[in-house]
Amino acid sequence: MENPGFEMNEEIIQSSSNMKERTKQEVPERKSHWSLMNIFLVCLLACVISTIIGVLIISLVYINNIGFTTELNIQKHEITSPKTPIRMSDKKRVDVKFQFLNHLGKSKVFQFPGGDIQWARFRYDVNDYPSDEEMEFGTSINNQRSKMTFGTLRIKSKGLRAPHWHFNANEHGFLLKGSAWIGVVDAGGSIVTTYNVTAGQVIFFPKNTLHWVKNVGEDDCLFLLFFTTHEELQTLDVDDVFFSTPEDIAARSLKPQGGVNFIRTFKKQTEDQAINLPPNLVELIQNASYVQSPDKLVWRYFYNLKASTEFKLPGGVIQWARFRKNGAGLNDNEKIFSDSLQMHENALTLGTIRIYSNGLRQPHFHFNANEMGYVISGCGKVGIIVSSKITTDFDIGVGDVVFFPIGTQHYIKSTCDEDLLLILAFSTGNQLQTLDMDDYFHATADHILAQLFFKKQEEFKKIPRFSEDQAINLPSQLKLIAKNN
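Below, the structure is looked at part by part. (Residues numbered from 1 in each chain as written. Predicted model: local features only at pLDDT ≥ 70, side-chain atom pairs only at ≥ 80, totals over all residues. Heavy atoms only, no water.)

## A closer look at the sheet that holds strand E22 (residues 400-404)
- Strand order in the open sheet formed by seven strands is E1-E22-E19-E24-E17-E16-E15, and the pairing between neighbours is antiparallel. Two strands in the sheet have a free side with no partner beyond their single neighbour: strand E1 (101-103) and strand E15 (311-313). Averaged over all pairs of adjacent strands, the angle between strand axes in this sheet comes to 20°, irrespective of strand direction.
- With three bridges joining them, E15 and strand E16 (residues 316-321) adopt antiparallel strand pairing. Looking at the pairing, Lys-312 lines up with Val-317 of E16.
- Lying over the sheet, helix H2 (residues 132-143) contacts E1, strand E19 (371-377) and E22, oriented at roughly 35° with respect to E22. (Pairing = 2+ DSSP bridges. Helix = DSSP H or I, 4+ residues; strand = E, 2+ residues; numbered from the N terminus. Axes fitted to C-alpha atoms, helices over the stretch in contact; angles between N-to-C directions. Contact = heavy atoms within 4.5 Å.)

Set out below in structure tokens:
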């Protein structure tokens, strides 16, 4: 008897067996399919990771390069920027007074065969500063855009400051001692102005005007020079230009007898000839004349300061070489000089100030000019107020250079038994505009002063008014009595 259940079980078993057999056949195909997929994904992942790593490496290299370049640029800026020089030494903090004071007598002397030069100036290369104090001064006049540089020029007897011109500055000079013969060549060379100058007189050379200075006295001559730049002075001497010009170009320009062969007979000296004095000068020159040009030419570049009007004040005397509107108070020759200053951009105003012993150039400020001065004789004390937080005072003596930025209140007091004498330069070719302390106190309403200083209004009547200008004053008799007692 057949058992239908058994047959069914067999069919089920057979069916199951067949399914297992098919599964065994499909499994290798699926395994093969997933193995290829895995390989593809692994490769894709490896490519992505490699790309990311490569991008990161390139980015790091690029950033490092930028950082290095930036650092170099910062270093370069610090070295060349006039506003952020690197200190020569960080061992000490430089006194703020050296922003306004330069002990020129202690500075480096640049020596030449015929004389020497000393400078109170700005330098791009900080290593050119002999000291931190001089760098402080140079940085100060540059940061303040002062349009001022100062130097002394000493020329030995028969010595010559070689013919030269300045790219970036007018030159104003005061002859302190000696005598010299000056030459100035106008544009085109058709007008050459020559004149003699003696101690106490002023010389003026506009920018890019060729000029020379020859000592014609038996003693050294000493010039106090102001240049209208707060950058490094740019100068070309005629001998340097000549030897830098190709021989054939020089020959074609000058057309000398012998042509280029004549040009080749010139020999460049090993020493800088900026101030020249050949040892065989007597053999070289057979005839020298020192011609004086007409006044109408000379006074464009010359001013007789020592013979000019003296402005006498209770505590001293001032004399000016300056522009005056409409020539007010000037003689005919002085008007020529005044007009010449007005014609040239960035000209200076020069003056001498003599402060009697114990005299005071009272606190004041200038609306339209920086001020620079050189102590010729005597000694004194200077005070300057830049802000409520920046104030300083210091002693000054012969050979010191002082600097007062525009708008800063300052005073100068004579502290020696002898008079204090300075040559001053102001960075304006127009009329100097100044306000003294006593003038602005008197000009301010007393009730305004009372409110400002927390003081009763009637108290300000104790500040007297004088008929005589007190710009340079002496202590009042009352104070002298009190001091003696």
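From this point, things continue past the structure.
## Quick word on the pairing of strand E20 (residues 380-385)
- Both E20 and strand E21 (residues 391-396) contribute to a ladder of six bridges, which runs antiparallel. Bridge pairing in E21 places Gly-380 opposite Ile-396.
- The hairpin turn running from E20 into E21, its antiparallel successor, is five residues long.
- Sheet topology note: the E20/strand E23 (residues 409-414) ladder contains six bridges and is antiparallel. In the strand pairing of E23, Ile-385 is matched with Gln-409.

## Regarding the nonpolar core
- Grouped together as the largest cluster of nonpolar side chains are 53 residues, with contacts concentrated most on Phe-150, Ile-182, Tyr-195, Phe-223 and Met-372.
- With six residues, the top contributor of residues to this core is strand E11 (residues 221-227).
- Ignoring anything within four residues of it in the chain, the contact list for Phe-223 reads Gly-151, Thr-152, Leu-153, Phe-174, Leu-175, Ala-180, Ile-182, Val-197, Ile-203 and Val-213. (Core = buried A, V, L, I, M, F, W, Y, C linked by side-chain atoms within 4.5 Å. Buried < 20%, exposed > 50% of the residue type's maximum accessible area, 1.4 Å probe, protein only.)

## A short note on the pairing of strand E3 (residues 115-120)
- The buried fraction of E3 is high, at six of six residues.
- Of the two faces of E3, the one carrying Gly-115, Ile-117 and Trp-119 and the one carrying Asp-116, Gln-118 and Ala-120 are both buried.
- Here strand E2 (residues 110-112) folds back onto E3 in antiparallel fashion, the turn holding two residues.
- One ladder, built from six bridges, connects E3 with strand E4 (residues 149-155); its direction is antiparallel. The partner of Gly-115 across the bridge, within E4, is Ile-155.

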